[in-house]
Every structure is written in C-alpha cells, then in structure tokens.
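An overview of the molecular structure
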Amino acid sequence: MKAVFARRTLLAAMISTLAALAVMPNLAHAYDETSTSALNVDAHNVAVKGHDVVAYFTAGSPTAGKAEFTAKHEGAVYHFSSAANRDTFKANPTKYAPQFGGFCAMGVALDKKLDGDPSAWKIVDDKLYLNVNKDVQKKWVEDIPGNLAKAGSAWPLIKSKAPKDL
C-alpha cells in the first residue's frame, strides 16, 4: 500500500513539474557573442528572454510570456502573457519592441552590445530600454538624455557588428 502511495505521489510531482516547465519562458537564452544581428535573441529568435514587452507598458513590470501567444517582428519572436497583449503588439510593434534590438542601452552608449536583462528596464518617452543589470541601470539613469544621445549615435555604427568585435 505504501509503495502505491509513494508511486502516485512521485507521479503527481513529476506531472506538476512538467506542467510548470511548459508554461515558463525559456530563461536559459544564449547570448551570442559572435552574432552580427541587430537583435538580441536566443537560438530560437525569442526576444527579451520570453518576456511580454506590452506588459512593461500596461502592468508596469516584467511579465513572463507564454509560447502559446507569440508574434514576429523584424525577425524576432515575442512571447506575450495573453492574446490581448499579443494583439496590442501586432497593432503597433515598433511602440513596444525594445530599443537597440533589446541590447543594453548603456552598453550601446559605450559602443558595446551587451545582453539585456528583462528585470533591468525603463520606459522613457514611451520607449522600452533594457540594461545588462540593475547596477549598470543605476549609472544609465544618472544621465538618460546624454546616454540616449550617445547610444543613438553609436547604434547605427555597431548594430551589425558582433559583440565580441566591439
């Protein structure tokens, strides 16, 4: 009797773990130092590590997207937490897509292409910016206008270069 109960408990635990993994975004995204793409995407072209870019504007926080709600824009695949957010994105993708292809805004200001962390974000003038981490973000917010001016000048020159070459 105990063996049957133990097997059922183990089976239930395995099923709940698999179900949780199925709805979580793939957080183990590869940051490709050799890619010359202007988009910071993983091996499956998923942007922002699977986070819902519309939710930054509507919920005001990083929100995991779901693989069942996706949209493509300029070669990147975006995941959304709901069909409504996906449809909002489709209606105006340039409003919601992160600036500098999802690379770190401070990195771009310093002529670098650094990975963007979905938890280190800020909306400025109705545009989404990511930073490589929250410590870098603290430096970036010290002079957002100056850093955006530098990044705006640098981006056309570095967007087609591999991060390792910068």
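Preceding this section is the structure that the text describes.
Scoring rules and cut-offs
Residues numbered from 1 in each chain as written. Predicted model: local features only at pLDDT ≥ 70, side-chain atom pairs only at ≥ 80, totals over all residues. Heavy atoms only, no water. Helix = DSSP H or I, 4+ residues; strand = E, 2+ residues; numbered from the N terminus. Buried < 20%, exposed > 50% of the residue type's maximum accessible area, 1.4 Å probe, protein only. Contact = heavy atoms within 4.5 Å. Areas by Shrake-Rupley, 256 points an atom, 1.4 Å probe, with all protein chains shown as cover. Arc of directions from axis to C-beta. Core = buried A, V, L, I, M, F, W, Y, C linked by side-chain atoms within 4.5 Å. Salt bridge = Lys/Arg side-chain N within 4 Å of Asp/Glu carboxyl O. Axes fitted to C-alpha atoms, helices over the stretch in contact; angles between N-to-C directions. Parallel < 35°, antiparallel > 145°, perpendicular 65-115°, else oblique.

Here we look at the overall build of the protein chain
A count of helical and extended segments in the protein chain gives 7 helices and 4 strands. For the protein chain, the N- to C-terminal ordering of α and β elements is α-α-β-β-α-α-α-β-β-α-α. By the burial criterion, 40% of the 166 residues in the protein chain qualify as buried. Pairs at least 24 apart in sequence give 58% of the contacts found in the protein chain among residues at least 6 apart. Here the protein chain has roughly 9200 Å² of accessible surface; of this, 58% comes from carbon and sulfur atoms.

Brief notes about helix H3 (residues 83-91)
Restricting attention to buried positions, one finds in H3 the residues Asn85, Arg86 and Phe89. Projected onto a plane normal to the axis of H3, the buried residues spread over an arc of 100° and lie on a single side. In H3, those exposed residues whose orientation departs by more than 90 degrees from the buried face are Ala84, Lys90 and Ala91. Contacts made by the buried residues of H3 are with helix H2 (53-58), strand S1 (66-73), strand S2 (76-80) and helix H4 (93-96).

Focus on the nonpolar core
Counting 17 residues, the largest nonpolar core has Ala47, Val48, Val53, Ala76, Tyr78, Phe80 and Phe89 as the members making the most contacts within it. Elements that contribute at least two residues to this core include exactly H2, S1, S2 and strand S4 (127-131). Leave out the neighbours within four places in its chain, and Val48 touches Asn40, Val53, Tyr56, Tyr78, Pro98, Pro118 and Leu130. Formed by 16 residues, the second largest nonpolar core is a distinct cluster that contains Ala105, Met106, Ala109 and Ala151.

Regarding the pattern of salt bridges
Applying the stated rule across the entire model yields 6 salt bridges. Where Lys95 meets Asp126, a salt bridge forms, and the shortest distance between an N and an O atom there is 2.4 Å. Here Lys95, found in helix H4, pairs with Asp126, found in the loop between strand S3 (117-124) and S4; they are 31 residues apart in sequence, far enough to count as distant. Overall, Lys95 belongs to the partly exposed group, its relative accessible area being 24%.

Considerations on the packing of helix H6 (residues 134-141) against helix H7 (residues 144-158)
Interaxial distance between H6 and H7 falls to 7 Å at its minimum, and their mutual angle equals 100°. The orientation of H6 with respect to H7, classified from their angle, is roughly perpendicular. Of H7, the residues touching H6 (which contributes Lys139, Trp140 and Val141) are Ile144, Asn147 and Leu148.

Here's the deal with unusual backbone geometry
Its identity is not glycine, yet Lys49 carries a phi of approximately 50°, on the positive side. Turning to its location among the elements, Lys49 is positioned in the loop between helix H1 (2-23) and H2. Despite not being glycine, Asp126 shows a phi value in the positive range, around 65°.

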